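# Examining the three-dimensional arrangement
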Amino acid sequence: MSRIADSSMYAHLWGTDELRDHFSEAGRLDAWLDILVALADAQAKNGLIPHAAAAQIATHAHTDRLDLDYIAAETRATSHSTLGLIRGLEQVLPPDVSQYVYYGATVQDITDTWAALTMKRMGAVAWRDLRAIEKDLLDMAVRHRSTVMAGRTHGQIGSPITAGFKIATWADEIRRHLHRLREGQTRWLVGQLAGSVGTLAFFGDHGLAVRADYCSLLGLFDPVVSWTTTRDRVVEFSLLMAMIATTLARIGDEIYELQRPEIGEFGEAGSTAAVGSITMPHKRNPEGSEHLVTLGRLIRSHAQTILDGSVQSHERDGRGWKVEWVAFPEICLLTGASLRITRDLVGSLDVDPHAMRRNLDQTRGYWASEAVLATLATSLGKHRAQDALFSALRDGWSAGRDLKETILSQPALAEHLTLEAIEELLDTPPVHAAAEMVDLAVARATTERQDESDEWP
């Protein structure tokens, strides 16, 4: 084992079984062979190779018929990315057919088309999992539409929000990723059949027709123009995966911070078998939310590598293109893990309204300072009221007084704010707009969900 992601003990943290099958050697070869079968079918349809040859290629192009050890040895011996595969196919094909396998194609035709098929597979996983995550978040946002909690800025308690409002921001961000997935499929799911320098010269006058049929057989769009050194498709998709993982990391980071024992407002539903610490048995570590942040960092790093590699020269440039061979599978595997962990996390997330209220109350009512400022601004003017409140509340907090006592002890403030007015502000946290925004976000997402497919693309 050379990668921790391949470890039987740790693989679940760095990928999912369904994606790992796709990126395994057998999974990749199966996809490459499907591509070669489609190529032969398209060529036969356009009279470039015999139909019988295409049929034989379809019959024999399966990994269980190939000597994978021989293919690996020939790949190493020839220092060519796919010549070993070609020779392995020649071993199992009739002599009069073997000349037609991989007919006029290049390594990049196969690997770029595989990348498009991979984007199709990964996009479907992301679409499915994001919609499931969104559904759980929307349900939670509705349940906690009016659950008052502290809003925090710069890590400090500020004015109140609602838990539903916070959760709705997560759901709304995920909805935008679903928009991006839906809108980008015609850009990303594009086959590659370019030939040596992108001109399809090997296929003569049949080049464009062969490419169109080849793409159609694989369920991909025709590129119109060859894209051998034009890597924006893979870059854009990789950056979207990084954006998705970053959103999930943001959710994870919020849960990580808010489940600290001294805060306790959110909490992961822990497994009874999970052990937080082997030296401090009382601990319950935030394994899921913590790992989302780790995964997000790794995915962004790999996406940056692909972006850097997209500056390529002329009509083919292995220096940048082969960067994708390492970074792109990692992005997909890690994003798959991030999606799975988030589904588990939000599907069983604990929300504690009592802790939320307790944390607000610990501020001695100072959470209402914005509402007090807004009230005083009508009589004192905003800036004058700000100066007066800042000084009074600073001194009051130091003296251990609550907000009500502090204001009433200052004649210049009490003159404009009665006891009854202060108590009303404390009894009615100003979260009406936050709750209404939950309603708007949920309504919009619900309408869109009703009109969109469960599957992508």
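In this report, we go over the structure that sits alongside the text. (Residues numbered from 1 in each chain as written. Predicted model: local features only at pLDDT ≥ 70, side-chain atom pairs only at ≥ 80, totals over all residues. Heavy atoms only, no water.)

### Brief notes about the overall build of the protein
Under the convention used in this document: Numbered from the N terminus, helices here are DSSP runs of H or I no shorter than four residues, and strands are runs of E no shorter than two. We compute the radius of gyration over the C-alpha atoms and compare it with the globule rule, which gives 2.2 Å times the number of residues raised to the power 0.38. Categorising residues by exposure relies on relative accessible area from a 1.4 Å probe, with only protein chains included: less than 20% of the type maximum marks a residue as buried, more than 50% marks it as exposed, and the intermediate range marks it as partly exposed. Throughout, a residue-residue contact means that at least one pair of heavy atoms, one from each residue, lies within 4.5 Å. Reported accessibility uses the Shrake-Rupley method at a 1.4 Å probe radius. Residues are deemed covered only where the shown protein chains occlude them.
Along its length, the protein carries 20 helices and four strands. For the protein, whose C-alpha radius of gyration is 30 Å, the value lies well above the compact-globule estimate of 23 Å for 457 residues. If one aligns the C-alpha atoms of the protein with their principal axes, the spans along those axes are about 100 × 50 × 40 Å. Sorting the 457 residues of the protein into buried and exposed places 49% on the buried side. Counting only contacts in the protein whose residues sit at least 6 apart along the sequence, the fraction spanning at least 24 positions is 76%. When the accessible surface of the protein is totalled, it reaches about 21,800 Å², and 53% of it is carbon and sulfur.

### Quick word on the pairing of strand β1 (residues 148-153)
Stated formally: At least two DSSP bridges between two strands are required for those strands to pair.
Note: β1 against strand β2 (residues 156-162), five bridges, orientation antiparallel. Paired with Met149 across the strands is Ile161, a residue of β2. Linking β1 back to β2 in an antiparallel pair, the connection comprises two residues, with His154 at a positive phi of about 55°.

### Looking at the pattern of salt bridges
Here is the rule: A pair is scored as a salt bridge if a Lys or Arg side-chain nitrogen falls within 4 Å of a carboxyl oxygen belonging to Asp or Glu.
According to the stated counting rule, one finds 33 salt bridges in the structure shown. Residue Arg175 is joined to Glu134 by a salt bridge in which the shortest nitrogen-to-oxygen separation is 2.5 Å. Within this pair, whereas Arg175 is found in helix α8 (residues 163-188), its partner Glu134 is found in helix α7 (residues 107-143), the two being separated by 41 residues in sequence. Per residue, the accessibility class of Arg175 equals that of Glu134, and both read buried. Between Glu236 and Arg187 there is a salt bridge, and its shortest N-O distance comes to 2.6 Å.

### A few points about the side chain of Thr63
Of note, Thr63 is situated in the loop between α3 (51-60) and α4 (68-78). Overall, Thr63 belongs to the buried group, its relative accessible area being 17%. In this structure, Thr63 is in contact with Ala26, Leu29, Asp30, Leu33 and Leu68, ignoring residues within four places of it in sequence.

### Overview of the packing of aromatic side chains
Pairs of aromatic rings are described using the distance from one ring centre to the other and the angle between the two planes. As a reminder of what qualifies: Only rings of Phe, Tyr and Trp enter the pairing, Trp through its six-membered ring, and a pair is recorded when the two centres are within 6.5 Å. The plane angle decides the type: under 30 degrees is stacked, over 60 is edge-to-face, the rest tilted.
Scanning all chains against the criterion turns up nine aromatic pairs. Each ring, one from Phe23 and one from Trp114, has its centre 5.9 Å from the other, and the planes form 85°; the classification is edge-to-face. Of this pair, Phe23 sits in helix α1 (residues 17-23) while Trp114 sits in helix α7, and the two are 91 residues apart along the sequence. When its relative accessible area of 7% is taken as the criterion, Trp114 is described as buried.

### A short note on the environment of Leu393
Position of Leu393 among the secondary structure elements: in helix α16 (residues 382-398). For Leu393, a relative accessible area of 11% gives the class buried. Between the C-alpha atom of Leu393 and that of Glu25, which follows or precedes it by 368 residues, the distance is 66 Å. Residues contacting Leu393, with those up to four places away along its chain left out, are Tyr366, Ser369, Leu403 and Thr406.

### A few points about the nonpolar core
What counts, and what does not: As used here, the term nonpolar core means buried Ala, Val, Leu, Ile, Met, Phe, Trp, Tyr and Cys residues forming a set that is joined through side-chain atoms within 4.5 Å.
Core analysis: the biggest nonpolar cluster contains 110 residues, and Leu137 and Phe266 have the highest contact counts within it. Excluding residues that lie within four positions of it along the chain, Phe266 makes contacts with Met149, Lys166, Ile167, Trp170, Ile255, Leu258, Gln259, Leu349, Asp350, Val351 and Met356. Grouped together as the second largest cluster of nonpolar side chains are 24 residues, Ala150, Ala371, Ala392 and Ile422 included.

These figures capture arrangement, not role.
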